[in-house]
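What follows is the residue order along each chain.
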Amino acid sequence: MTLKLNKEIYPVKAVQKAVSFYKQVANFKLKNSQNYILVSAAIDKNNEELVKNEFLNFVLGVIRQ
Amino acid sequence: MNNIKIPKIEFNSEKTGFCRFKKIKDNKYLLTNDVGEYVILPHVKFKKFLKGEIKETDSLYPILQEQGLIRDRMNFPALISENQQKNLFLWQGPSLHIIVVTLRCDHKCIYCQASSQGFNNKGYDLDVETAKKIVDVIFKSPSKSIAIEFQGGEPLINWPVVKFIIEYAQEKNKTEKKNLELRLVSNLSLMDNGKLNFLVKNSVTLCTSLDGPEKIHNMNRIWLEGNSYQNAIKWLTKARKIYKSKLENKFRPGAIVTVSRFSLKYPKEIVNEYIKQGIEAIFVRPLTPLGVAKEQWQRIGYSAEEYLKFYKTLLDYVISYNLKNPKTRFHENFAKIILAKILTEYDPNYLELRSPCGAGIGQLLYNYDGKVYTCDEGRMLDEDTFCLGDINKISYNNIISHPTVKSLCLASCLEGLACDQCVYKPYCGVCPIYNYATAGNIFSQLPTNERCKINKGILNFIFEKIQNKKIKEIFIKWSKFTLPIK
Amino acid sequence: MKKITFLLNSKITSLEAIYSTCYSFIDKFYIYLDKNKDNFVVALQLKEGEKASQTAVEGEFRNELLNNLLREKIAKNNAKLREYILGQALYSSTPSEIEEFLSKTGENYVEDPLGIAIPWEEKTKSKSKTKKKAKSK
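Since this is a predicted model, take the numbers as computed values, not measurements.

Asks: I tried to follow the sheet that holds strand E4 (residues 38–42) of chain B on my own but got confused; where do I start?
Replies: Whenever strands of a sheet pair, they do so through backbone hydrogen bonds, lying parallel or antiparallel. Residue and element names in this part refer to chain B. Ordered by their spatial adjacency, three strands build an open sheet running E2-E3-E4, and the pairing between neighbours is antiparallel. Each edge of the open sheet is held by one strand with a lone partner, namely strand E2 (20–24) and E4. Between one strand and the next, the sheet's axes are offset by a mean angle of 25°, whatever the strand orientation. Bridge analysis of strand E3 (residues 28–32) against E4 gives five bridges, and the strand direction is antiparallel. Opposite Tyr-29, over in E4, you have Leu-41 as the bridge partner. Strands E3 and E4 of the sheet are contacted by helix H1 (residues 43–51), whose axis makes an angle of about 110° with E4.

Written as structure tokens, this is what we have:
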């Protein structure tokens, strides 16, 4: 699973917090590119879509806090 | 891909004071201010308000001005005083102190959140020495009012320690001179005349569970030694007579309802039971998925929508009872607490509906083994995450300055959460432990939070009803049943 | 409707308002945000079991975004006034240290058991008198 998160919209700290919380689900890796944070994790294909979507919402929740 | 057009917002920065707002039914807007005053405006008036076009001759103007919504006509001394009054609880210190005198119980309630132990199990009783230390710490609280509440398990199982604490606390209070309140929460299975007379003599408020008519009560509250409902009614009736004659009804014994899945079909029957027993108020709260309730949730739990359907039917029924019987004092307690926040200048200091919540700063729980927890919910988890220490090793200062207490304050301070934008923020509260129990995080994702949905649903309903003149009069009457903090 | 994507002009709207709006939709939708040169890109995907039409969703999102933009303006415009009012309210509620001390010592502060109110000159005069007496003996 790979996600591209625009740095202007998704603050790095919020993404890091979300990754820390989701470590129970999978081993997430973060990579910095020019405009994006690349979030990747090895997830079972059956659950990939669900984990990706829930993670995105979770990050929004962390930003909002 | 559509490009959504965003029109210009017409807004007068000189005239428009601070408010939270929400569009409600019939194209109206509900506005609230920081101290919980509200006004409901038709759409057209709301737009005029935003543009600063409400004239001084308009009947709305004095209401808006009084609430601080007309920015260039604010009465600062009045607004400061109102804010002060509403936040008085911040300076009090813990006022509610729950002592779990035993974890043993003789009931097997299907929703037990305390994870009670069997009657004959050993090692679950509070001893006198630890009880003494607990009371000593309780009196360190700077709060002028202290309420000591006995809980369990079933507190009457450890009657000698209950008796000791009552006597010791009253002795200590001769010098401490606090406004001391003693409360006992009991299923009444072990009540007898001797205990009842002692409780009356020492002005101990009694509270029991009454989940509704016999069938519903006994379905929820299983007592293998007898009929839980009949026993509870017998002693509640007796207690109410004695308290009325000896204490002039000052410490009226009461009851609370715990709503399980089996209760959902019977809102009116539950209300009728309370009216039949002459109990002045019914306190309806949703089940929290803690303890046994969490394990059994599939069987006994329900969604926010299901609970709201039940609650609205129940509240409607209580309102219609009040309309038909104008002299009655019968009311629903949770609604009363919210109405006190909406309709009076006081805050009833209900620990679940305040910012920050009461964990550690409004209440503390002292467990049978000497462990101190932030609150009742804190001890119901099957872990010590919210344990602040051991009463034998920890001081009062250590307890209230514990990092866990600070974390819970942060997580329940509505001003720092998405709640700050909500129109219902002045009336609401967050339980970080509920969030932790349901989502593994003391900070919640609010739109998916069932407690948030329930509170919003109830507030939507109350504000719908409050627009009816006759119902508003009933609500005003109820709101005055709550005493202010002094 | 499974997935819907739309653009919001970044010069007219604010990111804070978009966050608030998206947050209120996360119970029914999965949300992904991005940005190109002039616009924010909002992608909403319905969760399983939920139903909605594209027009309705766009309309609701737009209305909620407008509300949040307005909330932002009102809050920003009144921030200093609210800080003043709440600050004054909390400050004047703080128990005064002097009042607390007096309430604990009770009325005997008037008796002055520690002699705090006695002027230094008086204290030193009486001390030097005591010394002279002792010397003369």
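Past the structure itself, the notes keep going.
Asks: I tried to follow the interface of chain C and chain A on my own but got confused; where do I start?
Replies: The extent of an interface is frequently quoted as the accessible surface area lost upon association of the parts. Facing the twelve residues of chain C at the interface are ten residues of chain A. Mapped onto the side of chain C that touches chain A, the elements with two or more residues apiece are helix H1 (15–25) and strand E2 (29–35) of chain C. Here the element with the most residues in the side of chain C that touches chain A is E2 of chain C; it accounts for six residues.

Asks: Is there a simple way to explain unusual backbone geometry in this structure?
Replies: Keep in mind that most residues, glycine aside, have a negative phi and that most peptide bonds are trans. All names here are of chain B. Cis rather than trans, the peptide bond between Gly-152 and Gly-153 has omega equal to 15°. The amide bond that connects Ser-355 to the next residue, Pro-356, takes the cis arrangement and shows omega of -5°. Here Pro-356 lies in the loop between helix H13 (333–343) and strand E13 (363–366). The backbone of Ser-203 sits at a positive phi, close to 50°, despite the residue not being glycine. Relative to the helices and strands, Ser-203 is located in the loop between helix H6 (193–201) and strand E8 (204–209).

Asks: Just to check I follow, could you spell out the interface of chain C and chain B for this structure?
Replies: Residue-level contacts link 34 residues of chain C with 27 residues of chain B. Ranked by residues supplied to the side of chain C that touches chain B, first place goes to helix H2 (residues 54–91) of chain C with 18 residues. The sheet contact formed by strand E1 (residues 2–4) of chain B and strand E1 (residues 3–9) of chain C spans three bridges and is parallel. In the strand pairing of E1 of chain C, Asn-3 of chain B is matched with Leu-7 of chain C.

Asks: Looking at this model, I keep getting lost on the domain arrangement of chain B. Mind explaining?
Replies: All names here are of chain B. Each domain of chain B was delimited in the assignment, giving domain 1 (20–86) and domain 2 (92–377). Just the C-alpha atoms count here: the centres of domain 1 and domain 2 sit 38 Å apart. Listed by partner, the interface residues are five residues for domain 1 and five residues for domain 2. If one sorts the elements of the side of domain 1 that touches domain 2 by residue count, helix H3 (residues 76–86) sits on top with three residues. In the side of domain 1 that touches domain 2, the residues fall into one nonpolar, two polar and two charged.

Calculation criteria
- Residues numbered from 1 in each chain as written.
- Chains lettered and ligands numbered in written order.
- Predicted model: local features only at pLDDT ≥ 70, side-chain atom pairs only at ≥ 80, totals over all residues.
- Pairing = 2+ DSSP bridges.
- Helix = DSSP H or I, 4+ residues; strand = E, 2+ residues; numbered from the N terminus.
- Axes fitted to C-alpha atoms, helices over the stretch in contact; angles between N-to-C directions.
- Contact = placed C-beta atoms within 7 Å.
- Domains from an automatic or database assignment.
- Nonpolar A, V, L, I, M, F, W, Y, C, P; charged D, E, K, R; others polar.

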